[in-house]
Amino acid sequence: MYFALGAAVLTFIVTHNVRSTISVVIVAGACGIAAGTPLAILGAIGRAARQGAIIKGGLYLEALSAVDSVLWTKLGR
């Protein structure tokens, strides 16, 4: 934890950017992966919704990684 805080202080001194400093703490901290995964899934679902695709949840989003081809017809079905 001391390394993460030290890296965050160094980042703030160099960049003077609070967002970068917080990012360093999240990534370098022990719980960065546990906090980052749900946020990434929610961000992806929100991005898909803005583009017109509705995804029911993270399970379905992860299942999309196995898709290797998509087929559209002229009818749009």
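In this report, we go over the structure that sits alongside the text. Keep in mind that this is a model prediction, so the values were computed, not measured.

## So, a nonpolar patch on the surface
Taken together, the side chains of Phe12, Val18, Ile22, Ile26 and Val27 make up a nonpolar region of the molecular surface, amounting to roughly 480 Å² of accessible area. By residue number, the principal contributor to the nonpolar patch is helix H2 (residues 18-28), which donates four residues. Checked against the element boundaries, Phe12 lands in helix H1 (residues 2-15).

## Considering the packing of H1 against H2
Here H1 crosses H2 at 160 degrees, and the two axes come no closer than 8 Å. Taken together, H1 and H2 sit at an angle that is classed as roughly antiparallel. Crossing geometry of H1 relative to H2 is assigned as right-handed. Facing Ala4, Ala7, Ala8, Thr11, Phe12 and Thr15 of H1, the residues of H2 in contact are Val18, Ser20, Thr21, Val24, Val25 and Ala28. Taken together, the residues of the contact of H1 with H2 break down into eight nonpolar, four polar and no charged.

Cut-offs used in this document
- Here the residue index of a chain counts from 1 through its sequence in written order.
- Local features in this predicted model are restricted to residues of pLDDT 70 or higher, and side-chain atom pairs are both shown and tallied only at a pLDDT of 80 or more, whereas totals for entire chains, interfaces and linings draw on every residue.
- Side-chain descriptors were evaluated using all non-hydrogen atoms of the structure, hydrogens and water having been removed beforehand.
- The patches reported here contain residues having more than 30% relative accessible area and no salt bridge. Joining distances are 9 Å for like charges and 5 Å for nonpolar side chains (Val, Leu, Ile, Met, Phe, Trp, Tyr).
- Each accessible area is a Shrake-Rupley result for a 1.4 Å probe, and residues are judged covered by the shown protein chains and nothing else.
- We define a salt bridge as a contact between a side-chain nitrogen of Lys or Arg and a carboxyl oxygen of Asp or Glu at a distance within 4 Å.
- Under the DSSP-based scheme used, a helix requires at least four consecutive residues in state H or I and a strand at least two consecutive residues in state E, with every element numbered from the N terminus.
- Lines are fitted to the C-alpha atoms to define the axes, a helix being fitted only along its stretch in contact, and any angle between axes, read from their N-to-C directions, falls within 0 to 180 degrees.
- Comment on the angle field: the value is read as roughly parallel under 35 degrees, roughly antiparallel over 145, roughly perpendicular from 65 to 115, and oblique elsewhere.
- With the far helix as reference, a near helix turned anticlockwise by less than a right angle produces a left-handed crossing, and one turned clockwise produces a right-handed crossing.
- A contact between two residues is defined here by any heavy atoms of the two lying within 4.5 Å.
- Gly is put with the polar residues, along with every residue not named as nonpolar or charged; the nonpolar set is Ala, Val, Leu, Ile, Met, Phe, Trp, Tyr, Cys and Pro, and the charged set is Asp, Glu, Lys and Arg.

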